[in-house]
Amino acid sequence: MNISLPARELFPILEHQINGRPLIYLDNAATTQKPLPVLDASRSYYESMNANIHRGTHALARAATEAYEAARKTVAAHLGAADAEELIFTSGCTDGINLAAQVLSSRLSPGDEIIISTLEHHSNIVPWQMACERTGAILRVIPCDESGVLDLAAYDQLLNERTKVVSVGWISNAFGTRHPVKEIVRRAKSFDAVVVIDAAQAIPHLAIDVHDLGCDMLAFSGHKVYAPTGIGALWGKRSLLESLPPYRGGGEMIKEVSFAGTTYNDIPFKYEAGTPNIEGAIALAAAIQFVQKVGLAAIQSHETTLIRAAEKELQAIDGIHLYGPSDRIGALSFRIEGVHAYDLGTFLDQMGVAVRTGHHCCQPLMARFGITGTIRASFALYNTLEEIAQFGESTRRAVKMLR
Ligand SMILES: *Cc1c(COP(=O)(O)O)cnc(C)c1O
């Protein structure tokens, strides 16, 4: 069955009224709303097969284990992974990057270097700073130009034999900049660095093929791609995952435990200590299947129409400043001279329009531009041109009142 966009009938929350007006949800880079197939998957898991996985001999435990492992296959295949064992379920993108940073720390010595970029989310900055504190490694940052585009010549200057890890986002959640990750990986590989990709904002908008990218690890959150919160995935190359130490200790990640010592389980279980988010994994697979059914090409074309329309609405405003390059994806960040971002956000909320104001978990990026924050409208497959027109009109009204 084909799903045609905007598919609003599949998203019950979109029927809500906010302050007596239809909800216009433009905060999708923070989290997306959930379609019926995902809500159904969560509910039917608890209604028909809830049990703990991998250990039970009884029928429900078998059914839950099968569904959880089938979900792993679905997500792994969506990323173009060689096999499902390379796919670790995490609690989200933050958890995935922390996992990567912690286990890769075992390979870092004082004076080694880690490269990130100016446009990273805090969750792709802080775990690496912590790795540096643990190991004596040094953090290096790829700068960006005035339009929020990474300076690859400066990246070349940073790369050297001491570069052990490069960890970059694919699409900036703050500005919508799409980074040339394949090229970033290619250059890192001439120095044998391990490359980690933060795909949190790529997963709802782009087709992903980890082999084509050539990266070593890639992390994302389910909730940014129409799945529940509390679930995400980290893909890693088999040889790398097998050679690295475990992350957290506990049940499931072991082969055998005695007080004399413990042998660790094979991947992916070595990295999944404790009872995982079983329902979340199953719902994530349902979300991925939903996206596949709609088709990423259709999603991208729909969202591009929306973002071009939103740019047009805003460009008509006197004193507008748009951040990021013109080929931005997913998010549109702006400021309006003489209007405080927070005041505009509050006014828009009264009009039923949900946008985000502030630093978007990218304080170093805001500092780079000498600002404390922006207003960000971000888009999903269920948004419509009518909503964009309403957003534009409400913004213009707000500016008249607030300036
Ligand atoms: C949301 C986001 C994260 C963090 O994801 P969590 O779901 O909060 O763990 C990391 N990087 C980017 C680019 C994001 O947009």
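Remember, predicted model here, so these are calculated numbers, not experimental data. (Residues numbered from 1 in each chain as written. Predicted model: local features only at pLDDT ≥ 70, side-chain atom pairs only at ≥ 80, totals over all residues. Heavy atoms only, no water.)

1. Side note on the overall build of the chain
Then, number 1: Looking only at helices and strands, the chain has 13 helices and 17 strands in total.
Then, number 2: At 22 Å, the chain has a C-alpha radius of gyration in line with the 22 Å of a compact globule built from 403 residues.
Then, number 3: If one aligns the C-alpha atoms of the chain with their principal axes, the spans along those axes are about 70 × 55 × 35 Å.
Then, number 4: The burial tally for the chain puts 57% of its 403 residues in the buried class.
Then, number 5: If you take every contact in the chain between residues at least 6 apart in sequence, the share linking residues at least 24 apart comes to 71%.
Then, number 6: Of the roughly 16,700 Å² that the chain leaves accessible, carbon and sulfur atoms contribute 52%.
Then, number 7: Taking the average place of the 36 positive charges on the side chains of the chain and the average place of its 43 negative ones, the gap between the two points comes to 1 Å. (Helix = DSSP H or I, 4+ residues; strand = E, 2+ residues; numbered from the N terminus. Rg over C-alpha atoms; globule rule 2.2 N^0.38 Å. Buried < 20%, exposed > 50% of the residue type's maximum accessible area, 1.4 Å probe, protein only. Contact = heavy atoms within 4.5 Å. Areas by Shrake-Rupley, 256 points an atom, 1.4 Å probe, with all protein chains shown as cover. Lys, Arg positive; Asp, Glu negative; His and termini not counted. Charge placed at Lys NZ, Arg CZ, Asp CG, Glu CD.)

2. Some details on the sheet that holds strand 14 (residues 331-336)
Then, number 1: Read from one edge of the open sheet, 4 strands run 13-14-17-16, paired in antiparallel fashion. Strands at the two margins of the open sheet, each flanked by one partner only, are strand 13 (320-323) and strand 16 (356-358). Adjacent strand axes in the sheet meet at a mean angle of 30 degrees, parallel and antiparallel pairs treated alike. (Pairing = 2+ DSSP bridges. Axes fitted to C-alpha atoms, helices over the stretch in contact; angles between N-to-C directions.)

3. Some thoughts on the pairing of strand 9 (residues 217-221)
Then, number 1: Of all 5 residues that make up strand 9, 5 are buried, and the element is covered over most of its length.
Then, number 2: The alternating pattern of strand 9 places Met217, Ala219 and Ser221 and Leu218 and Phe220 on opposite faces, both of which are buried.
Then, number 3: When strand 8 (residues 194-198) meets strand 9, the two strands line up parallel, connected through 3 bridges. Bridging from a neighbouring strand, aspartate 198 pairs with alanine 219 of strand 9.
Then, number 4: As judged from the 5 bridges shared by strand 9 and strand 10 (residues 232-236), these two strands associate in the antiparallel manner. Looking at the pairing, phenylalanine 220 lines up with alanine 233 of strand 10.

4. Thoughts on the domain arrangement of the chain
Then, number 1: According to the domain assignment, the chain contains domain 1 (8-30 + 295-402) and domain 2 (39-292).
Then, number 2: For domain 1 versus domain 2, the separation of C-alpha centres amounts to 29 Å.
Then, number 3: Taken together, the contacts link 34 residues of domain 1 with 33 residues of domain 2.
Then, number 4: Summed over both sides, the interface of domain 1 with domain 2 buries roughly 2,700 Å², with 63% coming from carbon and sulfur.
Then, number 5: Three residues stand out in domain 1 for area buried against domain 2, namely Leu296, Ile329 and Leu365, and they jointly supply 23% of the buried area on that side. (Domains from an automatic or database assignment. Buried area = accessible area lost by both parts, 1.4 Å probe.)

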